[in-house]
Structure formats: C-alpha cells, structure tokens
Amino acid sequence: MYALSWSGGGQSYRLILFGIGVGACASAIVTFIVTRLDEVSTQRAMRWLIGSLNGADARAAALLTVALGVGLVLVLLIRRALSDLALGDELAAGLGIRVSAVRFAALLLATLLAALVTSVTGPIAFVALVAGPIATRALRVPDAPIVAAL
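Residues numbered from 1 in each chain as written. Predicted model: local features only at pLDDT ≥ 70, side-chain atom pairs only at ≥ 80, totals over all residues. Heavy atoms only, no water.

Digging into the overall build of the chain
Looking only at helices and strands, the chain has eight helices and zero strands in total. Out of the 150 residues in the chain, the part that is buried amounts to 19%. Pairs at least 24 residues apart make up 53% of the contacts formed inside the chain by residues separated by at least 6 positions. For the chain, the accessible surface area stands at approximately 10,500 Å², while carbon and sulfur atoms represent 71% of it. (Helix = DSSP H or I, 4+ residues; strand = E, 2+ residues; numbered from the N terminus. Buried < 20%, exposed > 50% of the residue type's maximum accessible area, 1.4 Å probe, protein only. Contact = heavy atoms within 4.5 Å. Areas by Shrake-Rupley, 256 points an atom, 1.4 Å probe, with all protein chains shown as cover.)

Looking at the pattern of salt bridges
Pairing is possible between side chains that carry opposite charge, provided their charged atoms lie close to one another. Summed over all chains, the structure comprises two salt bridges. Residue Arg80 pairs with Asp84 through a salt bridge whose shortest N-O separation is 3.4 Å. In this pair, Arg80 and Asp84 are both assigned in helix H4 (residues 58–85), four residues apart and thus about one turn of the helix distant. With relative accessibility at 62%, the residue Arg80 sits in the exposed group. (Salt bridge = Lys/Arg side-chain N within 4 Å of Asp/Glu carboxyl O.)

What to know about the packing of H4 against helix H6 (residues 99–121)
When two helices pack together, their arrangement is given by the angle between their axes and by how far apart the axes lie. One way to put it is that H4 packs onto H6 with a least axis distance of 10 Å and a crossing angle of 160°. Our classification of the angle between H4 and H6 gives roughly antiparallel. For the pair H4 and H6, the sense of crossing is left-handed. Residues Ala60, Leu63, Leu64, Ala67, Gly71, Leu74, Val75, Ile78, Ala81, Leu82 and Leu85 of H4 form the contact with H6, whose participating residues are Val99, Val102, Arg103, Ala106, Leu109, Leu113, Leu116, Val117 and Val120. When the residues that make up the contact of H4 with H6 are grouped by side-chain class, the tally is 18 nonpolar, one polar and one charged. (Axes fitted to C-alpha atoms, helices over the stretch in contact; angles between N-to-C directions. Parallel < 35°, antiparallel > 145°, perpendicular 65-115°, else oblique. Left-handed = near helix turned anticlockwise from the far one by under 90°. Nonpolar A, V, L, I, M, F, W, Y, C, P; charged D, E, K, R; others polar.)

Points about the nonpolar core
With six residues, the main nonpolar core is built from Ala81, Leu85, Ala92, Ile97, Val99 and Val102. Those elements that provide at least two residues to this core are H4 and H6. Beyond its immediate stretch of four places on either side in the chain, Ala92 contacts Asp84, Leu85, Ile97 and Val99. (Core = buried A, V, L, I, M, F, W, Y, C linked by side-chain atoms within 4.5 Å.)

Quick look at the confidence of the model for the chain
A residue-level look at the chain finds 86% of positions with pLDDT of 70 or above and a mean pLDDT of 81. Here helix H1 (residues 2–5) is the element of the chain with the lowest mean pLDDT, 68, and H4 is the one with the highest, 87. (pLDDT = per-residue confidence, 0-100.)

Let's talk about H4
Counted at 1.5 Å a residue, the expected span for H4 with its 28 residues is 40 Å, and the 38 Å between its end C-alpha atoms agrees. Bending of H4 peaks at approximately 50° at the position of Ile78. Taken residue by residue, H4 has Ala60, Ala67, Gly71, Leu72, Val75, Ile78, Ala81, Asp84 and Leu85 as its buried positions. (Expected span 1.5 Å × (residues − 1). Bend = angle between axes of the 7 residues up to and from the residue.)

Remarks on H6
Given a rise of 1.5 Å per residue, 23 residues ought to cover 33 Å, and the 33 Å separating the end C-alpha atoms of H6 matches this to within 8%. Three or more residues of H6 are buried, namely Val99, Val102, Arg103, Leu109, Val120 and Thr121. Gly122 lies just past H6 and shows a positive phi near 85°.

Some thoughts on a nonpolar patch on the surface
Nonpolar side chains collect at one region of the surface, where Val66, Val70, Val73, Leu74 and Leu77 lie side by side and expose about 470 Å² of accessible area between them. Among the secondary structure elements, Leu74 is positioned in helix H4. Using a relative accessible area of 37% as the deciding quantity, one classes Leu74 as partly exposed. (Patch = residues over 30% accessible without salt bridge, like charges linked within 9 Å, V, L, I, M, F, W, Y side chains within 5 Å.)

Dropping the structure here:
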C-alpha cells in the first residue's frame, strides 16, 4: 500500500485513498469467496471474519504480551518524530525529521502489531478506529499512543 501510494512526496491523503480502495477490493473478494463456501466452512469463515477471543489460549496471550511490549518500546522510540510529523510534512522536514522514513516505520510497526493481534482474534471491528480518540479523551492529552495501544 505504501509503495502504491508513494509518489516522491508520499502524501498522507494518497495513502488513505489507496487504503480505502485496496480494503474495498479485498472485502469484495472475501465476500465473493464466502458466498461460494458450503455451510460449515461459511460458519468457520464468519467466526474469523467477525473476530473472537473464544479460541485464544495462554500461549497466544503470552505472544501478544511480548509483542505489545516490543511494540510499545518501538512506539516510544519514534514518538517525538511522529509528533513533529503531525505538524505537516514540510514543517517536520524543516525540523530535521526524515518524513518518508518515519512514516514508513510507523506504518510498518502498526501493520505488524495489528497483524499479530488479528492472527489471534480475527478482526474485531471498530476497535482500531476508536482506540485513539478514547485514549485522547480519557487522558485529556493531545496524543496518547501507549494508552491507545493498550
């Protein structure tokens, strides 16, 4: 997605638009495949598509705990650069931030952490969308990436 949306400057809106487009295409493919499955396979597929912690065990929880710990450390390492990036690409570059490198690192980190959680639970809808705003309002601070991750 990042490679598709990158055009020298790598503007954020292009990444968002490509993300929406690729997400819609992937959703259409999944829907098509589910309509072609037998009843038992459809039930299994729907359980994973909706997401559930029913099959999670202590081993999965340990894996997620370690991944969260590593992820939080990595978020702390790029937190200042992300805060500067929130000011806009031009201003962040003027402050000495390597905009493309920071954006790529943040996207890679977020993708890996989301993939780990999704591999255990399936996609639990709406959580990622509201985690940031809930954390921000709960702490009354402009950004709260650690609380949002938790």
